[in-house]
Structures are given as C-alpha cells and as structure tokens.
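Structural overview for review
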Amino acid sequence: MSFLVLQDVRKLFGSTVAVAQFDLEITRGEFVSFLGPSGCGKTTTLRMVAGFEQLTAGKIILDGVDISATPPNKRNIGMVFQSYALFPNMTVADNVGFGLMVAGRSKNEIKSRVGEMLDLIAMTDYTARYPYQLSGGQQQRVALARALALQPQVLLLDEPLSALDAQIRDTLRQEIREIQRRLGITTIYVTHDQQEAMALSDRIVVMSNGRVAQVGAPHEIYNAPRTRFVASFVGTLNILTATVVDALNVRVGEAVWHVTAGLTQAVGSTVECAVRPELLHVATPELPNQLTGIVQDVVFLGATVRVTLLAHGQRVLVDLFNDATHAIPQINTAMTVGCDPRTVLVLAE
C-alpha cells in the first residue's frame, strides 16, 4: 500500500514551469531518489513535499492524509540540506536537540534522544563541539541526526553529499543507507549523481524538464532505459546510427546487427541503437553483431581499459576488463568487437 502519494503535482513560478506534471507512489520504508540534471525540477518537487513550496496544482498525501496545504512544521517530515544549516553558536548536542526543544519536549527526553542520535551516527565523543570544529562529513552527520531526532514519517535529503570530497562522500553514502534501513524510514533523496542514485536507491525517478522520464529499480533504469535521454544520462552509452533492414535487423555501417525487440519502423528508415561500452567484447567467431574500427585512444582506468574506436564514421567506446595476460590494444590498429543482440536497445524519441 502506498505511504506517500504525489498526485498530478505541478509548480509554476509566474509563467515558468518548474514541475509540469509529477505522479508517484512511494511505499513505507522505501528509499527513492530523484535523479536529473540541474533545472529538471527535482529539488522543487522535494521542497513541495516538505511544504517549503506551495503546489500550483495536485495533491500530496501522506499515510492517507492530504498534506498539500499543511504548513512545514506540521508535516512531521525531516529534511537534510546540502549546506548542513547547523547553528554555529550551538554545540553538536544542542543542534541535534533543537527541534525537540521547539516541540516542547522535557529536558530528560531531549537528553535521552540526543544520546540515541549521536550513538546512531557514531559521534558520542563530539557532544560539546561546535560546527566549526567538525569536518564537512561530521557536520552532515549532525544534520542527519537532527532531522531524525523528531522521528519523522519521511526523511528528505537535498544533495547532502555534493560538498564533500569523494572518499568521505562514499563513506557517508553507505552510512546513510545503513541508517535508513535500520530505522525503516521512508526516504526521498535528490541528486544529480547517477552513481549515488544507483548505490542508494530502491527506485530511481529520472526527471527531465519538469516531468518524470522513467521510474524503476536501478538495474531497470540502467539496463532498460525507455528514452534517449534516460539512456544517455544514466551511465556511458554508445548511440549508433543504423538503418532498418527488416523487423529484427539493422545495418550499422557495413555490418548487419540483430535486435531482439521487433522493429516497427519502415525498411530503410534511420534509427538509433544504443549499447553500453562494457557490453561490447573483443570479437570471436561465434560472437554476433560485430563491428570493426580503428583504435583512436586507449585510457587505462585500473579495473578496466577504455578503448575508443572509429567505425564507419562513428565513435564507439569499448570497456575491457584489465587482464594482465592480454596485451592492451594499440592506437591506429584495427579492432573488431561484438555484442549479444539482447544488449542492443533501439531508442524511442
């Protein structure tokens, strides 16, 4: 049963459309990420759930109650901001307990709950410190504890890791997911980082131009994108121009590729075929969908080697596993690759 429902939600700023139409149902305890480029409407949608932005149209229903017009402080929703938003004149303990104090909780209750939260984020030794005495990652942990202290029904996170360096971001990302699972709290996470969304989420909502482009589990979004935008935004993708030969075959350059999805386009028409770099392999006699090109560039990435081919005027990226027993392809040499027909996507407009 749906716990949080966004029903035909829209938002205009004057004549500017920020969110054109947004429909989504989230189950209790689910972790959902809003993923998309800047200006796609993901943060505006999050702020409407929080109550910081009023809806132009639509409804937001939380646990069966319409909260569309409910003030933010009455929604029982916790929010973690990108900028931490900690009070600089308050200690860690006071920051975590601030919401409880405003809510009129007793001193004993506040002390007990603050202790629980600091234990949850592994910062019990930092109780008396001030924000300026903490690292960025520690400040964000405190912001998370403050949002969770009031036991909200929903937790909202607005790009909380974007200001942190890569190593701290990876560590804190894992901690956020572990805490969310432990508490079973329904969570919405806004990000433009596809890796972050795929690592954290039960489901991802990909947004474009104020609309939902696709909703699905991370593996569905990555392996079965429904549009060119989703396919190109999530992960690296080769998009090859091809000509329809018949319902199950296309011509890429001089090669004929088989596709498993039946084509409805007319014979001779142009389509776009997409395949991920890691799904192209050095050709063997039995490997179908082959394509020969000239190596233009080779980049060593540790676990993988990225090879750039020029094949019939088209740039093709190939990710090979780093195997010390095999020679790395050489620039200006010919290389033939192939792929399983099931990995080839014919993109919709």
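Look a little higher up for the structure.
Residues numbered from 1 in each chain as written. Predicted model: local features only at pLDDT ≥ 70, side-chain atom pairs only at ≥ 80, totals over all residues. Heavy atoms only, no water.

**As for the side chain of asparagine 289**
Rules: Here a strand is any run of E in DSSP of at least two residues, a helix any run of H or I of at least four, and the numbering for each starts at the N terminus. Each residue's exposure class comes from its accessible area (1.4 Å probe, protein chains only) as a fraction of the maximum for that residue type: buried when under 20%, exposed when over 50%, partly exposed otherwise. In this description, contact between two residues means that some pair of their heavy atoms is separated by no more than 4.5 Å.
By the element assignment, asparagine 289 lies in the loop between strand S15 (281-282) and strand S16 (291-300). On the basis of relative accessible area, asparagine 289 is assigned to the buried category, the value being 4%. With sequence-adjacent residues up to four places away left out, asparagine 289 is seen in contact with Val256, Trp257, His258, Val337, Gly338, Cys339, Asp340, Pro341 and Val344.

**Remarks on the sheet that holds S16**
Here is the rule we go by: In this scheme, strands are said to pair when DSSP sees at least two bridges between them.
On the basis of which strands lie adjacent, the open sheet formed by five strands has the order S15-S19-S16-S17-S18 and antiparallel pairing. The sheet terminates laterally at S15 and strand S18 (314-321), the two strands that pair on one side only. Strand direction decides the pairing type here: strand S17 (residues 304-311) and S18, joined by eight bridges, are antiparallel. Bridging from a neighbouring strand, valine 305 pairs with leucine 320 of S18.

**Quick notes on the packing of aromatic side chains**
As a reminder, the rule being used: When two rings of Phe, Tyr or Trp (its six-membered ring) have centres within 6.5 Å they constitute a pair, described as stacked for plane angles under 30 degrees, edge-to-face for angles over 60, and tilted for the intermediate range. As a reminder, the over-ring test applies to NZ of lysine and CZ of arginine, requiring each to be within 6 Å of the ring centre and within 35 degrees of the ring normal.
Summed over all chains, the structure comprises six aromatic pairs. Plain terms: the ring middles of phenylalanine 31 and tyrosine 189 are 5.8 Å apart, the flat faces sit at 35° to each other, and that makes the pair tilted. Of this pair, phenylalanine 31 sits in strand S3 (residues 31-35) while tyrosine 189 sits in strand S8 (residues 186-191), placing them 158 residues apart in sequence. Note on accessibility: phenylalanine 31 and tyrosine 189 belong to one class, buried. Ring geometry for phenylalanine 87 against phenylalanine 98: centres 4.7 Å apart, planes inclined by 55°, an arrangement best described as tilted. Placement of the pair is phenylalanine 87 in the loop between strand S6 (77-80) and helix H2 (92-102) and phenylalanine 98 in helix H2, with a sequence separation of eleven residues. Of note, arginine 276 hangs over the ring of tyrosine 222, and the distance from its end group to the ring centre comes to 4.0 Å.

**Describing the packing of H2 against helix H3 (residues 107-120)**
Two measures define how a pair of helices packs: the angle their axes make with one another and the distance between the axes. Rules: The angle between two axes is taken between their N-to-C directions and runs from 0 to 180 degrees, where each axis is a line fitted to C-alpha atoms and a helix contributes only its stretch in contact. Should an angle fall under 35 degrees it is taken as roughly parallel, and over 145 as roughly antiparallel, whereas 65 to 115 is taken as roughly perpendicular and any remaining angle as oblique. Take the far helix as the reference: if the near one is turned anticlockwise from it by less than a right angle, the crossing is left-handed, and if turned clockwise, right-handed. Three residue categories are used. Nonpolar comprises Ala, Val, Leu, Ile, Met, Phe, Trp, Tyr, Cys and Pro, charged comprises Asp, Glu, Lys and Arg, and polar comprises the others, including Gly.
Between H2 and H3, the shortest axis-to-axis distance is 9 Å and the interhelical angle comes to 125°. Judged on the interaxial angle alone, H3 and H2 are oblique. The two elements H2 and H3 cross, and the hand of that crossing is right-handed. Contacts between H2 and H3 involve Val92, Ala93, Val96, Gly97, Leu100 and Met101 from the former and Ile110, Arg113, Val114, Met117 and Leu118 from the latter. Among the residues forming the contact of H2 with H3, the class breakdown is nine nonpolar, one polar and one charged.

**With respect to the state of the cysteines**
To be explicit about the condition: Pairs of cysteine sulfur atoms within 2.5 Å are what we label disulfides.
Counted under the stated rule, the structure contains zero disulfides. Free cysteine cysteine 339: the closest other cysteine sulfur is in cysteine 273, separated by 9.3 Å.

**Digging into the packing of H2 against helix H4 (residues 136-149)**
Running from N to C, H2 and H4 point in directions that differ by 25°, and their axes come no closer than 7 Å. By the angle class used here, H2 and H4 are roughly parallel. When you trace H2 past H4, the crossing you get is right-handed. Contact with H2, carried on its side by Val92, Asn95, Val96 and Leu100, involves Val142, Ala145, Arg146 and Ala149 of H4 and no other residues of that element. Its residues assigned to classes, the contact of H2 with H4 shows six nonpolar, one polar and one charged.

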